[in-house]
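So you can see what is in the structure, the chains are spelled out below.
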Amino acid sequence: MNITVIGTGYVGLVTGACFSKMGNKVYCVDIDVEKIEGLKNGILPIFEPHLGTMVKNSQEKGDLIFTTQIKEALDETDIVFIAVGTPMAEDGSANLDYIFSAATDIAQNITHDSLIVIKSTVPIGTGYKVKEHIENILKENNSSVKIDIASNPEFLKEGRAIEDCMHPDRVVIGADNDEVFETLKDLYSSFVFNHDRFVLMDIKSSEMTKYVANAMLATKISFMNEIANICEVTGANVQQVRLGIGSDKRIGYDFIYAGCGYGGSCFPKDVQALINTAQTHGYEPMILSNVEKVNLNQKKVLVNKVVDRFGSNLNGRTFGIWGLSFKPGTDDVREATSLVVITSLIDKGAKIKAYDPEAIEEFKKSIDDKYLDSIEFVDGRYDVVNGSDGLILITEWKEFRNPDFDLISEKINEKVIFDGRNIYDKKIINKGFELYQIGC
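A brief look at the structure comes next. From a predicted model like this one, the values you see are computed outputs, not experimental measurements. (Residues numbered from 1 in each chain as written. Predicted model: local features only at pLDDT ≥ 70, side-chain atom pairs only at ≥ 80, totals over all residues. Heavy atoms only, no water.)

**As for the nonpolar core**
By size, the foremost hydrophobic cluster in this structure holds 41 residues, and its most contacted members are Val-14, Cys-18, Phe-19, Leu-51, Phe-66, Phe-81 and Leu-184. With seven residues, the top contributor of residues to this core is helix 1 (residues 10-21). For Leu-184, the residues in contact, after removing those within four places along its chain, are Phe-81, Leu-115, Val-117, Ala-150, Ile-173 and Phe-198. (Core = buried A, V, L, I, M, F, W, Y, C linked by side-chain atoms within 4.5 Å. Buried < 20%, exposed > 50% of the residue type's maximum accessible area, 1.4 Å probe, protein only. Helix = DSSP H or I, 4+ residues; strand = E, 2+ residues; numbered from the N terminus. Contact = heavy atoms within 4.5 Å.)

**Comments concerning the pattern of salt bridges**
Summed over the entire model, instances satisfying the criterion amount to 22 salt bridges. Across the salt bridge formed by Glu-434 and Arg-309, the nearest N and O atoms sit 2.7 Å from each other. Within this pair, whereas Glu-434 is found in strand 14 (residues 434-436), its partner Arg-309 is found in helix 13 (residues 301-310), the two being separated by 125 residues in sequence. Given the relative accessible area of 25%, Arg-309 is considered partly exposed. When the shortest N-O distance is used, the salt bridge between Lys-431 and Asp-406 registers 3.6 Å. (Salt bridge = Lys/Arg side-chain N within 4 Å of Asp/Glu carboxyl O.)

**Considerations on the packing of aromatic side chains**
For the structure on display, the rule yields 15 aromatic pairs. Each ring, one from Phe-405 and one from Tyr-424, has its centre 5.5 Å from the other, and the planes form 85°; the classification is edge-to-face. Of the two residues, Phe-405 sits in helix 16 (residues 405-411) while Tyr-424 sits in the loop between strand 13 (416-419) and strand 14, which places them 19 residues apart along the sequence. Each member of the aromatic cluster is reached from another via a ring pair, and the members are Phe-19, Phe-81, Tyr-188 and Phe-191. A cation sits over an aromatic face here: Arg-170 above Phe-155, 3.7 Å from the ring centre. (Phe/Tyr/Trp six-rings, centres within 6.5 Å; stacked < 30°, edge-to-face > 60°. Lys NZ or Arg CZ within 6 Å of the ring centre and 35° of its normal.)

**Description of the sheet that holds strand 10 (residues 351-355)**
Strand order in the open sheet formed by six strands is 11-10-9-12-13-14, with parallel pairing between adjacent strands. Of all the strands in the sheet, the pair left with one neighbour each is strand 11 (375-377) and strand 14. Taking each pair of neighbouring strands and ignoring which way they run, the sheet shows an average axis angle of 20°. Relative to strand 12 (residues 390-393), strand 9 (residues 318-322) runs parallel, the two sharing four bridges. Of the residues in strand 12, the one forming a bridge with Ile-321 is Ile-392. Helix 14 (residues 337-347) contacts strand 9, strand 10, strand 11 and strand 12 of the sheet and is inclined by roughly 160° relative to strand 10. (Pairing = 2+ DSSP bridges. Axes fitted to C-alpha atoms, helices over the stretch in contact; angles between N-to-C directions.)

As structure tokens, this is what we get:
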């Protein structure tokens with residue numbers, strides 16, 4: 001099939017690359033000229049394992065085309081995916097400016113009947129509004145073009161997006177007629193060849209499914225973090241509690257690890273957008289509202305532990321930071337706990353040495369410039385402990401899981417480790433370290 005994907009951000013680029021991998025001809029469209037030129041030359045705007053190779057191979061075969069010319073793309077395709085960003089607005093709602101800008105461009109350039117598929121995460125009812133918006137413009141232009149609308153939310157995990165796209169747990173499709181369902185099932189058939197993973201529903205339910213999936217996962221994280229805090233004040237151990245409840249098949253082990261809060265481009269934004277949607281319709285979502293509050297407080301837990309150990313005046317203190325991205329396997333620092341921890345420590349007078357295998361440059365762009373003079377970014381994980389008074393682990397990259405504690409002992413001023421992801425065994429205490437964890 002010939003496909004247009006509007007937006008070359010995280011979702012659009014991964015989606016376009018994976019569709020092209022399956023032999024489809026894909027036009028990836030973006031208004032950012034610099035980004036498109038970079039992609040043509042193999043320069044990706046994001047880090048995602050295996051994506052660069054896939055993009056390069058598909059471009060060489062002519063199956064993946066990057067362009068700023070939407071008319072060129074629309075003239076060659078019958079299926080158009082909208083995969084632009086929906087950032088959080090000031091009131092917590094999803095900002096749909098990019099969605100409707102893309103819809104306008106489609107309406108002004110489309111020349112034949114087409115299927116418009118919304119891949120972006122959008123509030124319930126957006127699909128119908130987009131359809132109405134496009135049809136109104138077509139009517140004003142006296143166009144006879146007919147469109148169908150569908151919802152096809154993505155469920156990609158950063159760091160594993162290619163695997164998730166090529167081997168999906170499920171393919172959710174929201175539509176109003178059987179022809180649209182069959183068209184999209186045909187497009188995705190090569191991704192679910194061994195097992196029927198299609199979940200078909202109406203458009204509004206499909207839009208809601210994406211929000212609910214992220215909100216449920218965020219809720220599990222915040223719930224377990226709250227349990228960790230209760231464990232800490234009562235003397236229980238959240239790691240042992242996790243094993244005790246995770247063995248129950250109704251609960252399972254996924255997303256019940258205590259830590260220093262979630263971040264990223266999805267969970268914070270989508271939880272807040274769902275809260276806003278509920279409130280707009282006159283319903284106060286008590287659980288969701290507290291999920292967000294717990295998470296915001298959890299990002300400060302490591303700072304509180306540092307203050308408890310070293311005092312509130314951190315002048316003259318230096319702390320090493322392991323991990324800046326919001327999770328391993330990505331360079332994404334949006335809403336990352338590292339931003340909260342580092343700015344808070346600097347505000348209290350501390351200096352920072354920081355290392356992350358992928359996210360340093362993105363972190364520099366995301367933090368307020370006034371903090372940069374207090375941060376030394378280093379090239380290796382052991383460089384952060386040179387002359388540091390404590391080591392703080394925020395992101396559990398694999399290279400941090402089994403470090404050389406003897407080497408750390410030689411380099412660090414005080415043998416103190418703040419483990420924000422509970423990945424270290426208490427046995428390191430036998431090496432003379434003070435170990436501070438979450439809920440243990």
